[in-house]
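Residues per chain are reported as follows:
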Amino acid sequence: MTKRDIIPKVGAVKAFEQLRRRCVDHFRALASVQAAHQYISKLIENEDSLDEIMSSALRSASVMAYARPFTSAKTSTGSVQYPVKQLKEEPGFDLELHEHLIKLRNRMVAHSDYSMLRSTMYLQAVGDSQELPVSLGINVKRLRGIESRDLANRYSRHFAAYITQIAKTFDSEFNELARHVR
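Cut-offs used in this document
- Residues numbered from 1 in each chain as written.
- Predicted model: local features only at pLDDT ≥ 70, side-chain atom pairs only at ≥ 80, totals over all residues.
- Heavy atoms only, no water.
- Helix = DSSP H or I, 4+ residues; strand = E, 2+ residues; numbered from the N terminus.
- Buried < 20%, exposed > 50% of the residue type's maximum accessible area, 1.4 Å probe, protein only.
- Contact = heavy atoms within 4.5 Å.
- Areas by Shrake-Rupley, 256 points an atom, 1.4 Å probe, with all protein chains shown as cover.
- pLDDT = per-residue confidence, 0-100.
- 1 Å grid on protein atoms, 1.4 Å probe; cavity = no way out; pocket = protein on both sides within 12 Å on 5 of 7 lines; lining within 4 Å.
- Points joined across faces, edges and corners; volume = space filled by probe spheres on them.
- Nonpolar A, V, L, I, M, F, W, Y, C, P; charged D, E, K, R; others polar.
- Axes fitted to C-alpha atoms, helices over the stretch in contact; angles between N-to-C directions.
- Parallel < 35°, antiparallel > 145°, perpendicular 65-115°, else oblique.
- Left-handed = near helix turned anticlockwise from the far one by under 90°.

1. Observations concerning the overall build of the protein
Stage number 1. What the protein contains, in helices and strands, is five helices and four strands.
Stage number 2. Counting all 182 residues of the protein, 32% fall into the buried class.
Stage number 3. Summarising the internal contacts of the protein: among those between residues at least 6 apart in sequence, 68% fall at separations of at least 24.
Stage number 4. When the accessible area of the protein is evaluated, it comes to approximately 12,300 Å², of which 53% is carbon and sulfur surface.

2. Some remarks on the confidence of the model for the protein
Stage number 1. Chain-level statistics for the protein give a pLDDT mean of 82 and a share of 90% at 70 or above.
Stage number 2. At the low end of the mean pLDDT range in the protein sits helix 1 (residues 3-6), at 48; at the high end sits helix 3 (residues 52-67), at 92.
Stage number 3. This model gives residues 1-6 a pLDDT under 50, and the stretch forms one contact once residues within four places in sequence are excluded.

3. With respect to the layout of surface pockets
Stage number 1. Space inside the largest pocket adds up to approximately 390 Å³.
Stage number 2. What lines the largest pocket is a set of 18 residues, and nearest its centre among them are Asp25, Arg28, Ala73, Thr75 and Val80.
Stage number 3. Counting residues per element, the ones that place at least two in the lining of the largest pocket are helix 2 (10-45) and strand 1 (73-75).
Stage number 4. The element contributing the most residues to the lining of the largest pocket is helix 2, with eight residues.
Stage number 5. A breakdown of the residues in the lining of the largest pocket according to their chemical character gives six nonpolar, six polar and six charged.

4. Details of the packing of helix 3 against helix 4 (residues 95-109)
Stage number 1. Remark: helix 3 packs on helix 4, axes separated minimally by 9 Å, with the N-to-C direction vectors making an angle of 110°. The angle between helix 3 and helix 4 falls in the class roughly perpendicular. As for the relative orientation of helix 3 and helix 4, their crossing is left-handed in sense. Facing Arg59, Ser60, Val63, Met64, Tyr66 and Ala67 of helix 3, the residues of helix 4 in contact are His98, His100, Leu101, Ile102, Leu104, Arg105 and Val109.
Stage number 2. Residue classes in the contact of helix 3 with helix 4 are distributed as eight nonpolar, three polar and two charged.

Put into structure tokens, the structure is as follows:
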């Protein structure tokens, strides 16, 4: 065996590194959506015993965990954002719900978009010309629990479809990575 046989070709090393990064991205995405599925499942299982705070926390946690792979993340090699393309092919993947979850994360859960949750201030006064202020108040809205069990189940089915697809892709590419190592 010569030294040339032992040293891999530059192209092979680059291909291996790209595949390795994809496998890590797949696994990170899978872990995030599995967490999202666990949170929404816990909400469904305990629907009758959860107070508004716990219901809201589980819903928010499921939205954040689900959206994490689809939100641009900075790495040492640049930005990474998980693609949706192959997921759309999985039976049970709900594109409308996917877009809803990303919008919910971006505009209500992770950030306060005033156009989504308008806050108002009011002044209540008495007297003929309303010259005597009696009370001043502010109405602030926030995300609460989840509207219905049907919506929670829709989240769960969607998360499960995503888990199935990403697990298949991860297994395939991880096995390919293992072949490269051998």
